[in-house]
Amino acid sequence: MLIGHRFERTAQGDLYIHSRNVVQSLVVLVIGAVAFVLPMAFAVFVMVDGASLMAEVDPLSALLMVLLWLLIPALGLLLVVYTGVHETLVLSRVDGEGKRLTRNFFGRRERVQSVFRIEAAKSLELRRLPQAGRARTQLWLILRDGTAQRLTTDNVPVVPGSQRTDVWLRELADYLGVALPTEVVEGAAPVVKVPYRPTPAPSSGKAVRAARQRREKGDAAAPEPTEKLGVPARALLTLLGAFFAVLELTNVMSLVPAIFTGRLRVSGFRTGSTTFYWAEQPLSFSFNLLVGVAEGVIVGFIAWGCLRVAIHGRMSSKA
């Protein structure tokens, strides 16, 4: 089974739906492997034939190149280790809730993507946008209070009429005790209310007082939820921020002298290297200078954001 679902019933009566997409997993594996092989091949090339070529490169460009070749395998490692390619939908009548779990390529690093109620299930609804294809269909669980929860996985598409989708829909409808959806509704996604967030009741006196103060001040005064980052994620953000910081520095080193000398050199992938002179082309010189300043502001903002998150180790997470 390259793409499909595997159903599992536990002794407690829970339903586990394991979604599997071998093609997607292989793509992740190949990209991750290529991300490691490319820098190694480049390093071998530099040691064998490219030593004289690297000697002609200025220090900032050389540092930028080194950071880039370190960043490529880091991104490949992020893709393989941190991307949730395996998905599991857990439905429990005992707890009255469902969960969407994801695991990485190796089946580890389990993360809870969403938690929702199922004890008041009203219906299942297949819905897609008017111009979307069959594979863009989404399955929604509609509760009696109007709350909607998407049940479609990210790795296995819903194709109405296919055997894989029909078996999946029958298992869900039978477990939830609702009617099997027979038609696809054309239109936007249903309105989703405030998501269900199960939280344990506070037990300590300090926690009780904090909860009471939050209720008195209202939901608007509640602190913004944040996600604590691990050491690998912070290291990757540090590397990414350093890359953009060096890129910003090279941009500044080319723009600042141009303001005083009236000579601006611009490089492009298709046009190559072009030099603009203030005395000969004031409009082109000013336009490219403003474009360079705008690029510098954007790159600097990205670099600062990456380094700030890496230093604090926390990222705002809005579910």
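The shown structure was predicted, so the numbers you read here are calculated from the model rather than taken from an experiment. (Residues numbered from 1 in each chain as written. Predicted model: local features only at pLDDT ≥ 70, side-chain atom pairs only at ≥ 80, totals over all residues. Heavy atoms only, no water.)

A. Examining the overall build of the protein more closely. Across its full length, the protein carries seven helices and 13 strands. When the 319 residues of the protein are sorted by exposure, 32% land in the buried category. Counted over contacts in the protein with a minimum sequence separation of 6, partners at least 24 positions apart contribute 57%. Carbon and sulfur atoms make up 62% of the accessible area of the protein, which amounts to about 20300 Å² in all. (Helix = DSSP H or I, 4+ residues; strand = E, 2+ residues; numbered from the N terminus. Buried < 20%, exposed > 50% of the residue type's maximum accessible area, 1.4 Å probe, protein only. Contact = heavy atoms within 4.5 Å. Areas by Shrake-Rupley, 256 points an atom, 1.4 Å probe, with all protein chains shown as cover.)

B. Representation of the side chain of Ser25 within the structure. Tracing the backbone shows Ser25 in helix H1 (residues 22–48). With residues near it in sequence (within four places) discarded, Ser25 still touches Val85, His86 and Phe105.

C. Highlighting the pairing of strand E6 (residues 121–128). Taken across its eight residues, E6 has six buried, putting it largely inside the fold. Bridge count between E6 and strand E9 (residues 184–186): three bridges; the pairing is parallel. Looking at the pairing, Arg128 lines up with Glu186 of E9. (Pairing = 2+ DSSP bridges.)

D. Highlighting the layout of surface pockets. In this structure, the second largest pocket occupies an estimated 880 Å³ of space. Along the wall of the second largest pocket there are 22 residues; nearest its centre are Thr250, Asn251, Ser254, Arg265 and Ser267. For the lining of the second largest pocket, the secondary structure elements donating two or more residues are helix H3 (59–82), helix H6 (231–261), strand E11 (263–268) and helix H7 (282–312). A total of seven residues in the lining of the second largest pocket trace back to one element, the largest contributor, which is H6. Residues of the lining of the second largest pocket, tallied by class, amount to nine nonpolar, eight polar and five charged. (1 Å grid on protein atoms, 1.4 Å probe; cavity = no way out; pocket = protein on both sides within 12 Å on 5 of 7 lines; lining within 4 Å. Points joined across faces, edges and corners; volume = space filled by probe spheres on them. Nonpolar A, V, L, I, M, F, W, Y, C, P; charged D, E, K, R; others polar.)

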